[in-house]
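Commentary on secondary and tertiary structure
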Number of protein chains: 2
Amino acid sequence: MLLALGLVLLASQPASADEPAKPSTPRTMADVIAASKPADWRPLDPDNTLYLDLAAGRVVMELAPAFAPLHAANIKTMVHEHYFDGLAILRVQDNFVTQWGDPDSDKPEKARVLGKAAKTVAAEFERASGGDWPFAFTSLADGDVYAPEVGFVNGMPAARDTKAGKAWLAHCYGMVGAGRDIGEETGSGAELYVVIGQAPRQLDRNIAVVGRVVQGMELLASLPRGTGPLGFYEKPEQRLPIKSVRLAADVPAAERTNLEIMRTETATFAALVESRRNRRDDWYKVPAGKIDLCNVPIPTRPIAATAKP
Amino acid sequence: MLLALGLVLLASQPASADEPAKPSTPRTMADVIAASKPADWRPLDPDNTLYLDLAAGRVVMELAPAFAPLHAANIKTMVHEHYFDGLAILRVQDNFVTQWGDPDSDKPEKARVLGKAAKTVAAEFERASGGDWPFAFTSLADGDVYAPEVGFVNGMPAARDTKAGKAWLAHCYGMVGAGRDIGEETGSGAELYVVIGQAPRQLDRNIAVVGRVVQGMELLASLPRGTGPLGFYEKPEQRLPIKSVRLAADVPAAERTNLEIMRTETATFAALVESRRNRRDDWYKVPAGKIDLCNVPIPTRPIAATAKP
């Protein structure tokens, strides 16, 4: 069969015979990753990582407390209380979102009890871009349709408006948000969604983005689409059960999924962005010259056995 | 449950009691569609429409002969010869493409015979933007990361560079392209792919875009992801059989899927774009102010029974 679209994302690309390898000027993303150093990566923090376990496998999510501290803390409280265990994926809307939570949340007599978690927390749609900002904002120079400036903050796609003094996470593929009702402060993290299609950037600054799926997106993106309004499943038996959602720190070491993520504030990541902005492999005839924020991959990989303590 | 993300795409939105309906200034997409006139829509041309029939249902694709005439003609030749019937979906790469064709195309003794269709046709990655241009290019004023100008041509997202005198179709969600090997002219239309994730605009001008899925995308986007390189299925039994691909004109009238598409060169479509650029429903707190080319929906609907001849 034709390979077509020859994006061999993680295969190494040998240099041709008449062109010796130049480690200092990597050409493809595989080259950049192969030439990266341990300091270009950071392990996921077990206190900031969720495992959403389904029958088909595990989805690993990193929380974003720098942007949504109240939501992140509330979700962790829920997870400690096993709030999500036995709940379900309720909605899959094509080219938009997959959403999970309590199918009975609007039936007081049947709804799962939130325990110590808050029923609603304050809106966390954006945050101050200056002052106590804990992380570098690595700008992407390619421009953006929606925001005056976009880039990456600690491994997550973000935007900012320095005139307004605000920064926010961007709704790219794999970003996780906290569903809310009409009121701004009606979200709690008890109902979460993940983007499974073209980045719905119109949601930016309208809802709390609480994190990002770093592994297992295919488990959430390949589900049957719901046929009800907004892609909700119409019959209870169509819902996909959630085995559990756990904080990595609460999971025995042997059962953890140990991953590391490329640091987005490094020169290596800048080289990776360039390798994707202008593809160098033989398949491409016209390099794009630019790259959209949501087209930049943020590499994640298992932590090598030798790197473990 | 929380509806969250309240995008009631096709429900009508009644005007409130103290605010009479103003048909001339529609607010939501539903309002725009409700206020549209028959002339704002065009029926799909049966001579330019393909039905990809799967066990789970039908995918309807519109070809783009204005941009890829050789590919469109070659695909129609193949379809007339039942080339695709009994072939399969071979590849589903998460956040990228679903691809179908002949699993044995690289085995001369087993490959499906192409008959009167060409094995390769000339590259049709872009076309002249002036001169014999048959359709209006309706510009989108919101800007674009990848191209100097973007907009819509006869119901398809497109880009152009008037300085270079070139126009091309844009790789948005649902766009269909003809897979090729390393050589520019190695595509034929015998292996097709559709975009199922964030628009891979880096493919623009590197491959022939031959059309767009106008109905049934969920059937192609919700498939299990392949676990082989590039998302190819590793085992033959994982492939999804194609029942048939037929030209609508070759299908008895009673078996056709009669659809109409909003004309993208109309004032109604401009109003629709604005309704999506700045959402007016109560859920949104901050209108985006801009919209990305690939976030603009191109409405498709069944042709009303009363509109039939």
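Before reading further, recall that the structure is shown in the block above.
Residues numbered from 1 in each chain as written. Chains lettered and ligands numbered in written order. Predicted model: local features only at pLDDT ≥ 70, side-chain atom pairs only at ≥ 80, totals over all residues. Heavy atoms only, no water.

This paragraph deals with helix H2 (residues 69–80) of chain B. All names here are of chain B. Taking 1.5 Å per residue as the helical rise, H2 with its 12 residues ought to reach 16 Å, and the 16 Å between its terminal C-alpha atoms agrees with that figure. Within H2, the full set of buried residues consists of His71, Ala72, Asn74, Ile75, Met78 and Val79. Take H2 and look down its axis: the buried residues cluster within an arc of 165°, on one side only. In the core, the buried residues of H2 are packed alongside strand E2 (49–54), strand E3 (57–63), strand E11 (175–178), strand E12 (192–195), strand E13 (208–215) and strand E15 (244–247). Two residues or fewer past H2, histidine 82 is found with a positive phi of approximately 60°. (Helix = DSSP H or I, 4+ residues; strand = E, 2+ residues; numbered from the N terminus. Expected span 1.5 Å × (residues − 1). Buried < 20%, exposed > 50% of the residue type's maximum accessible area, 1.4 Å probe, protein only. Arc of directions from axis to C-beta. Contact = heavy atoms within 4.5 Å.)

All names here are of chain B. In this structure, asparagine 154 is a non-glycine residue whose phi angle is positive, near 50°. By secondary structure assignment, the location of asparagine 154 is in the loop between strand E8 (149–153) and strand E9 (156–161). You will see that arginine 205, though not glycine, has its phi angle at about 70°, which is positive. Tracing the backbone through its elements, the reader meets arginine 205 in the loop between E12 and E13.

Chain B puts 67 residues into the contact, and the matching count from chain A is 66 residues. Roughly 5,800 Å² of surface becomes buried between chain B and chain A when both sides are summed, with 59% attributable to carbon and sulfur atoms. Seen at the junction of chain B and chain A, the total is zero salt bridges. Viewed at the interface, chain A and chain B are joined by 18 residue pairs in polar contact (both at pLDDT 80 or more). Contributing elements (two or more residues each) for the side of chain B that touches chain A: strand E4 (88–93), strand E5 (97–101) and helix H3 (217–221) of chain B. When the residues that make up the side of chain B that touches chain A are grouped by side-chain class, the tally is 34 nonpolar, 14 polar and 19 charged. (Buried area = accessible area lost by both parts, 1.4 Å probe. Salt bridge = Lys/Arg side-chain N within 4 Å of Asp/Glu carboxyl O. Polar contact = N/O pair within 3.5 Å; in protein donor to acceptor, adjacent residues only side chain to side chain. Nonpolar A, V, L, I, M, F, W, Y, C, P; charged D, E, K, R; others polar.)

Residue and element names in this part refer to chain B. Here nine strands make up an open sheet; going across it, the order is E14-E4-E5-E12-E11-E13-E3-E2-E15 and the pairing antiparallel. The open sheet has two free edges, formed respectively by strand E14 (240–241) and E15, since each of these has just one partner strand. Across four bridges, the pairing between E3 and E13 is antiparallel. From the neighbouring strand, glutamate 62 faces E13, where its bridge partner is arginine 212. Strands E2, E3, E11, E12, E13 and E15 of the sheet are contacted by H2, whose axis makes an angle of about 115° with E15. (Pairing = 2+ DSSP bridges. Axes fitted to C-alpha atoms, helices over the stretch in contact; angles between N-to-C directions.)

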